[in-house]
Number of protein chains: 2
Amino acid sequence: MTIQRTLHHFPLDPASRQVRLALGEKRLPFNEAQERYWERRPSFLELNPSGMTPVLVETDGEGRTVICESRAILEHLNETAPEPDLVGRDPAERAETRRLLQWFDRKFDYEVNAFLLHEKMEKQMLGLGAPGLANLRAGREGLRAHLGYIERLLQERDWLNGRRLSLADFAAAANLSVIDYFGDVPWREFSGVRTWYMKLKSRPCFRPLLADRWPGLAPAAHYDDLDF
Amino acid sequence: MTIQRTLHHFPLDPASRQVRLALGEKRLPFNEAQERYWERRPSFLELNPSGMTPVLVETDGEGRTVICESRAILEHLNETAPEPDLVGRDPAERAETRRLLQWFDRKFDYEVNAFLLHEKMEKQMLGLGAPGLANLRAGREGLRAHLGYIERLLQERDWLNGRRLSLADFAAAANLSVIDYFGDVPWREFSGVRTWYMKLKSRPCFRPLLADRWPGLAPAAHYDDLDF
């Protein structure tokens, strides 16, 4: 039976982007409903009481399933559409993928996004004024530390969890791609990360992300350039 | 082949407690290594570069698998020791369990733990002085909102994800149990939550948590009382 999918997402939300990449890589077509989550629309809060994107709604002949939050959606997609597998083939590989998912969901989010994206994106959307310099500096320092960690992993690995593309790569790339939209990734200092990101950027699943434009926030000049 | 398990955890860490509950419910024996994660010991950072508890180390005849971060460990345990299942039987139930896991990992953590546990636990461990009243108030307000949400769920459900005990109950109970250690849960105002917590508290998997005592931080008088 055909499943109809609608993804409620915000284009510059790293969690939403992870799901778009996974859907693209698994070649699962879906409708898009863009959600300005900070407006906290009642009908969206009915779908997801946390008010956060992404939310995936699947409909088939038997009814509707609402899947809220990126981790739940990513595990769901890998369970219900297992090819290509994006978690890992054995317990150790699966554990490593999920360790890195958590790394980006929490550590990267606390140490980088909470500063950089808050100042550059959320403040603009919420009309809270100009970016604060101290926070920008803290976010950029956090970002350098994380890029250094990814660079070290990639010295011994083809993809982040080991030898195969996984959700760990999508988590890292989704987060970096939003920061790259604002031109804040110092690619030249991290050549291993840059090469890995170029590989990801040229995959078909990445194309929709490179086409994102948010009104009033133009991306950095190299944002959709495959050879940056 | 027998698997030897060692759990590196901190007794009052909600994420560590979720894993202890799951191991207990699945009747998987394990050795304990208590980790004062805030000391950032180099040998622990080698196990988990994020420096966070919990970390599960499994050894069998073939080698050692290190599984870091609660979500990775919980999914791993449910995949490798599937009985009793703690995620859900069908995609909708599994999605609901994981939605609630994310709810407690992020929303509850941001809105309650970041205030209450920071003031009552982390400040004491790090020698940062007395709890700040404004933060305590914000944490208690957040806690009431979350208890109200759990109460509403339980008006229509036996367990948090629906009809069966799952990791969602363990996530909620693990978080509430740490706050209850400090005597900050207003149980009398939320009778549905209290009844549900009493059911959980009397399960064998909960016993080790009720026996936890951290030096210099005595628990509230009713903490290990099954009829509180």
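Everything quoted here is computed from the prediction, not taken from an experiment.

Conventions adopted
Each chain has its residues counted from 1, running along the sequence as written. Ligands are numbered from 1 and chains lettered from A, in the order in which they are written. Reporting in this predicted model follows two pLDDT cut-offs: at least 70 for local features of residues, and 80 or more for side-chain atom pairs to be given and counted; totals over whole chains, interfaces and linings ignore these cut-offs and use all residues. The side-chain numbers reported here are obtained from all heavy atoms of the structure, hydrogens and water having been left aside. Helix and strand assignments come from DSSP, with helices taken as H or I runs of at least 4 residues and strands as E runs of at least 2, each series counted from the N terminus. Exposed residues in this analysis have more than 50% of their type's maximum accessible area, buried residues have under 20%, and partly exposed residues fall in between, with area computed by a 1.4 Å probe over protein chains only. The term polar contact refers here to a pair of N or O atoms within 3.5 Å; inside protein, the definition further demands a hydrogen-donor-capable atom paired with an acceptor-capable atom, and it admits residues adjacent in sequence only when both atoms are side-chain atoms. Here, two residues are considered to be in contact whenever any of their heavy atoms come within 4.5 Å of each other. In this scheme, strands are said to pair when DSSP sees at least two bridges between them. Crossovers are described as right-handed under a simple rule: with the strands pointing away from the observer, the path leading from the first strand over the helix to the second runs clockwise. Only the stretch in contact is used when fitting a helix axis, every axis being a line fitted to C-alpha atoms; angles between N-to-C directions are given from 0 to 180 degrees. Taking the helix axis as origin, the arc is that swept by the directions to the C-beta atoms.

Engineer: So what's going on with the side chain of Glu58 of chain B? Which residues, and what values?
Structural biologist: Residues and elements named next belong to chain B. Mapped onto the elements, Glu58 comes out in strand β3 (residues 55-60). Judged by its relative accessible area of 7%, Glu58 falls in the buried class. A polar atom in the side chain of Glu58 sits 3.0 Å from the side chain of Arg5. Apart from the residues lying within four places of it in its own chain, the contact partners of Glu58 are Ile3, Gln4, Arg5, Gly63, Arg64, Thr65, Ile67, His76 and Leu77.

Engineer: Would you mind going over the pairing of strand β2 (residues 31-34) of chain B in detail, with residue names and values included?
Structural biologist: All names here are of chain B. The pairing of strand β1 (residues 4-9) with β2 spans four bridges and is parallel. From the neighbouring strand, Thr6 faces β2, where its bridge partner is Asn31. Following the chain from β1 across helix α1 (residues 14-25) to the adjacent parallel β2, one finds a crossover that is right-handed.

Engineer: Account for the sheet that holds strand β4 (residues 63-68) of chain A, with residues named and values stated.
Structural biologist: Residues and elements named next belong to chain A. Spatially, the four strands line up as an open sheet ordered β2-β1-β3-β4, and their pairing is mixed. Every other strand in the sheet has two partners, leaving β2 (31-34) and β4 as the edge strands with one partner each. On average, adjacent strands in this sheet sit at an angle of 20° to one another, irrespective of strand direction. As paired elements, strand β3 (residues 55-60) and β4 share six bridges and run antiparallel to each other. Considered in β4, the bridge of Asp60 is made with Gly63.

Engineer: Could you give me a rundown of the environment of Leu226 of chain B, with the residues and numbers involved?
Structural biologist: By the secondary structure assignment, Leu226 of chain B is in the segment after α8 (207-210). Apart from the residues within four sequence positions on either side, Leu226 of chain B is in contact with Met198, Lys201, Ser202 and Leu210 of chain B.

Engineer: Please provide a residue-by-residue account of helix α7 (residues 191-201) of chain A, values included.
Structural biologist: Residues and elements named next belong to chain A. Every buried residue of α7 is accounted for by Val193, Trp196, Tyr197, Leu200 and Lys201. The arc enclosing the buried residues of α7, seen along the axis, measures out at 140°, which places them on a common side. Residues of α7 that are buried sit in contact with α5 (133-156), α6 (167-181) and α8 (207-210).

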